[in-house]
Structure formats: structure tokens, C-alpha cells
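Reading the structure
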Amino acid sequence: MTNPMAAKQDRWLVALFGESLFMDMVETSLRENPDLGVVRVDANLDDAGEHLQSLHPDLVVLDLN
């Protein structure tokens, strides 16, 4: 995985928040686009919200199932 902060400099950063099969498919699809940086945030972490905010993503995709 590339450094998400480095990806921010020249690409859009998409943060994926969730641990479902659906999110796995979204991640696979988005990684095919060279203009996007994709980072996965583990929703089970105690500080997941803070970690997500620290990334300053351009887009957040949530799966709250």
C-alpha cells in the first residue's frame, strides 16, 4: 500500500471505512484507477474516526453494516 499522504499530493484520496465483502469489491475497483489513492480504515479500531480525519481524504465511502 502506498503512503496515503503522498498520494494526496497528486491524486484524489479515497478512504474506505468498513470491513465487508462489498468494500473489498469497491477497493479492488478503485485501485484500478491511477488517478486515485485508496486507503482502507479498519472500522473496529478504537481511534478509527480520528485516523480517518487525519488522512484528510477527498472522499469517504462508508459501509456501516
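Residues numbered from 1 in each chain as written. Predicted model: local features only at pLDDT ≥ 70, side-chain atom pairs only at ≥ 80, totals over all residues. Heavy atoms only, no water.

With that out of the way, let us pick up the overall build of the chain. When you go through the chain residue by residue, the secondary structure sums to three helices and three strands. Starting at the N terminus, the α and β elements of the chain follow one another as α-β-α-β-α-β. Each of the 65 residues in the chain was classed as buried or not, and the buried ones make up 35%. Restricting the contact set of the chain to residue pairs at least 6 apart, pairs at least 24 apart contribute 60%. (Helix = DSSP H or I, 4+ residues; strand = E, 2+ residues; numbered from the N terminus. Buried < 20%, exposed > 50% of the residue type's maximum accessible area, 1.4 Å probe, protein only. Contact = heavy atoms within 4.5 Å.)

Moving on, we come to the side chain of Glu 27. Turning to its location among the elements, Glu 27 is positioned in helix H2 (residues 21-31). A polar contact is formed between the side chain of Glu 27 and the side chain of Arg 31, at a distance of 3.0 Å. In terms of polar contacts, Glu 27 uses its side chain to reach the side chain of Arg 40, at 2.6 Å. Beyond its immediate sequence surroundings of up to four residues, Glu 27 is in contact with Leu 16, Val 38 and Arg 40. (Polar contact = N/O pair within 3.5 Å; in protein donor to acceptor, adjacent residues only side chain to side chain.)

Once that is clear, we can look at the environment of Val 38. Checked against the element boundaries, Val 38 lands in strand S2 (residues 36-41). In this structure the C-alpha to C-alpha distance between Val 38 and Leu 59, which are 21 residues apart in sequence, comes to 9.7 Å.

This brings us to the nonpolar core. Counting residues in hydrophobic clusters, the biggest one holds eight residues: Leu 13, Ala 15, Phe 17, Val 39, Val 41, Ala 48, Leu 52 and Leu 55. The set of elements that each furnish at least two residues to this core consists of strand S1 (12-17), S2 and helix H3 (48-55). Discounting chain neighbours no more than four positions away, the residues touching Leu 52 are Ala 15, Phe 17, Val 41, Pro 57 and Val 60. Membership of the second largest hydrophobic core comes to seven residues, among which are Val 14, Met 23, Val 26 and Val 38. (Core = buried A, V, L, I, M, F, W, Y, C linked by side-chain atoms within 4.5 Å.)

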